[in-house]
Amino acid sequence: MELVNFIGGQWIENKNLQMMPVMNPANGEQLGMVPLSTKEQVDLAVQHAKQAQKQWSLIPAPKRAEYLYEIAFKLKEKKEHLAQTLTKEMGKVIEEARGEVQEGIDMALYMAAEGRRLFGETVPSELPNKFAMSVRAPIGVAGLITPWNFPIAIATWKAFPALVAGNTVVWKPSNETPFMAYELAKICEEVGLPAGVLNVVFGSGPTVGTAMIEHPDIRVISFTGSTETGSKVAELGGKHLKKVSLEMGGKNAVIVMDDADLDLALEGILWSAFGTAGQRCTACSRVIVHKDVKEELESRLVEAAKSLTIGDGLDPATKVGPVI
């Protein structure tokens, strides 16, 4: 399947764009092709997003929220199909893929409820006969840059709050996991989300990501990815006085004291270290353990790690999928 950009409510033909193969990391199967867009596609997406935002922001927040409820119902309806698609392109085990799709469902419901909670504040005025208050106002067009390790969960964390608050979105997903972006855009189309409210532009970080950060009509950038790239996003965003939100890498430790429940500690360490094949910012890469329980925990941890089944994430017996 050859993917195309979703801009202004339309699936835009790939005219003269380079294409990149999308591979299943478990077996090397080619799943399809994704376009490597240029600045022109970013400009077109922002143009549609900016135009759509004028009308979208005028829709009452509870009404905007109704679209998120519909998206949640569609995600739930297609949950198994989405989980299978996610595992094929990203590699994580099917059990975890189902959990990630559930995160998208939960986020849609959570943010839909916020449609009735976008409260402002009233504050005492220091002047006589004056009434002071604040209200929430949308920023405008939000630029979202998301990674391959959580291709739908992270996208929903960013997109759904932006949408319910009256902003529109231009989204650059990872080239390694573009099919989840396609599926989510298709769902938004199915529920009748107004054209231009959510736009998907496939492409590389240096080309599409940079064009988004530098675009004068994208007011906020939300990025999740490596610390190295995030520092560049912060630098370039600061140069253009953007609002920038960054979620980057981590170096995480599990601390086990001498009175700890070692069964629980073992379970937590295994899930944190080997879930998503360790490919996440919250993965445990170190265990700091009290000397009195070190030998016992170490022995049990080594044996438990040896028993983990490595393979294709679509096999329910697999506990560790491939590195993407």
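Computed from a predicted model, the values in this text were never measured in an experiment.

Asker: Sorry if this is basic, but what is going on with the pattern of salt bridges here?
Answerer: When charged atoms on two side chains of opposite charge get close, those side chains can pair. Following the criterion strictly, the structure yields 15 salt bridges and no others. A salt bridge links K50 to D217; its shortest N-O distance comes to 3.3 Å. Taken as a pair, K50 in helix α1 (residues 39-56) and D217 in the loop between α7 (205-214) and β10 (218-224) lie far apart in primary sequence, 167 residues in all. On the accessibility criterion, D217 (27% relative accessible area) is partly exposed. D263 is the salt-bridge partner of R300, the closest N and O atoms lying 2.2 Å from each other. Within this pair, whereas R300 is found in helix α10 (residues 291-306), its partner D263 is found in helix α9 (residues 262-274), the two being separated by 37 residues in sequence. According to the relative accessible area criterion, R300 is partly exposed, its value standing at 28%. A single salt-bridge network, built from bridges that share partners, covers K92, E96, E100 and R280.

Asker: Looking at this structure, I do not really get the nonpolar core. What am I missing?
Answerer: What tends to happen in soluble globular proteins is that the nonpolar side chains get buried as a cluster. Ranked by internal contacts, the top residues of the largest apolar core, which has 50 residues, are I71, L75, F160, W171, L193 and V200. Residues within four places of F160 in sequence aside, it is in contact with L68, I71, G104, M107, A108, M111 and L184. The next biggest cluster of nonpolar side chains, apart from the first, holds 18 residues, and it includes V201, M212, I218 and F223.

Asker: Looking at this structure, how should I read unusual backbone geometry?
Answerer: You will see that L241, though not glycine, has its phi angle at about 55°, which is positive. Tracing the backbone shows L241 in the loop between α8 (227-239) and β11 (243-247). Although it is not a glycine, A277 sits at a positive phi angle of roughly 55°. Secondary-structure assignment places A277 in the loop between α9 and β13 (284-289). Of the residues examined, A277 reaches a relative accessible area of 24% and is grouped as partly exposed.

Asker: Explain the pairing of strand β8 (residues 168-172) here, please?
Answerer: Among the 5 residues of β8, 5 are classified as buried, and the element is accordingly described as predominantly covered. Residues T168, V170 and K172 point to one face of β8 and V169 and W171 to the other, with burial holding for every one of them. As paired elements, strand β7 (residues 141-145) and β8 share 5 bridges and run parallel to each other. Looking at the pairing, G143 lines up with V170 of β8. Handedness of the crossover joining β7 and β8 through helix α5 (residues 153-164) is recorded here as right-handed. The sheet contact formed by β8 and strand β9 (residues 198-200) spans 3 bridges and is parallel. Bridge pairing in β9 links V169 to L198. With helix α6 (residues 178-190) bridging β8 and its parallel neighbour β9, the resulting β-α-β unit is right-handed.

Asker: How should I be thinking about the packing of helix α2 (residues 61-77) against α5 in this particular structure?
Answerer: A pair of packed helices is captured by two measures, namely the crossing angle of their axes and the spacing between those axes. The N-to-C vectors of α2 and α5 enclose an angle of 150°; their axes lie 8 Å apart at closest approach. With respect to each other, α2 and α5 are oriented roughly antiparallel. Contacts between α2 and α5 pair A61, R64, A65, L68 and I71 from the former with F160, L163 and V164 from the latter. Here the contact of α2 with α5 is built from residues that sort into 7 nonpolar, no polar and 1 charged.

Asker: In this structure, what is going on with α6? I would like to understand it.
Answerer: An α-helical turn contains 3.6 residues, so a residue and the one three or four places further along point in the same direction. The terminal C-alpha atoms of α6 lie 18 Å apart, and with 13 residues this matches the ideal 18 Å at 1.5 Å per residue to within 8%. Counting buried positions along α6 gives 10 out of 13 residues, so the element sits mostly inside the fold. Within the sequence span of α6, burial applies to P178, F179, M180, A181, Y182, E183, L184, A185, I187 and C188. Following α6 by one or two positions, G192 has its phi on the positive side, about 80°.

Asker: Which parts of the structure should I look at to understand the side chain of T224?
Answerer: Within the fold, T224 resides in strand β10. On the accessibility criterion, T224 (7% relative accessible area) is buried. Side-chain polar atoms of T224 contact the side chain of E247, separated by 2.9 Å. Ignoring sequence-local partners within four residues, the contact set of T224 consists of I145, T146, P147, I154, K158 and E247.

Quick notes on the rules
Residues numbered from 1 in each chain as written. Predicted model: local features only at pLDDT ≥ 70, side-chain atom pairs only at ≥ 80, totals over all residues. Heavy atoms only, no water. Salt bridge = Lys/Arg side-chain N within 4 Å of Asp/Glu carboxyl O. Helix = DSSP H or I, 4+ residues; strand = E, 2+ residues; numbered from the N terminus. Buried < 20%, exposed > 50% of the residue type's maximum accessible area, 1.4 Å probe, protein only. Core = buried A, V, L, I, M, F, W, Y, C linked by side-chain atoms within 4.5 Å. Contact = heavy atoms within 4.5 Å. Pairing = 2+ DSSP bridges. Right-handed = clockwise from strand over helix to strand, strands pointing away. Axes fitted to C-alpha atoms, helices over the stretch in contact; angles between N-to-C directions. Parallel < 35°, antiparallel > 145°, perpendicular 65-115°, else oblique. Nonpolar A, V, L, I, M, F, W, Y, C, P; charged D, E, K, R; others polar. Expected span 1.5 Å × (residues − 1). Polar contact = N/O pair within 3.5 Å; in protein donor to acceptor, adjacent residues only side chain to side chain.

Take it as geometry only, folks, not as evidence of what the structure does.
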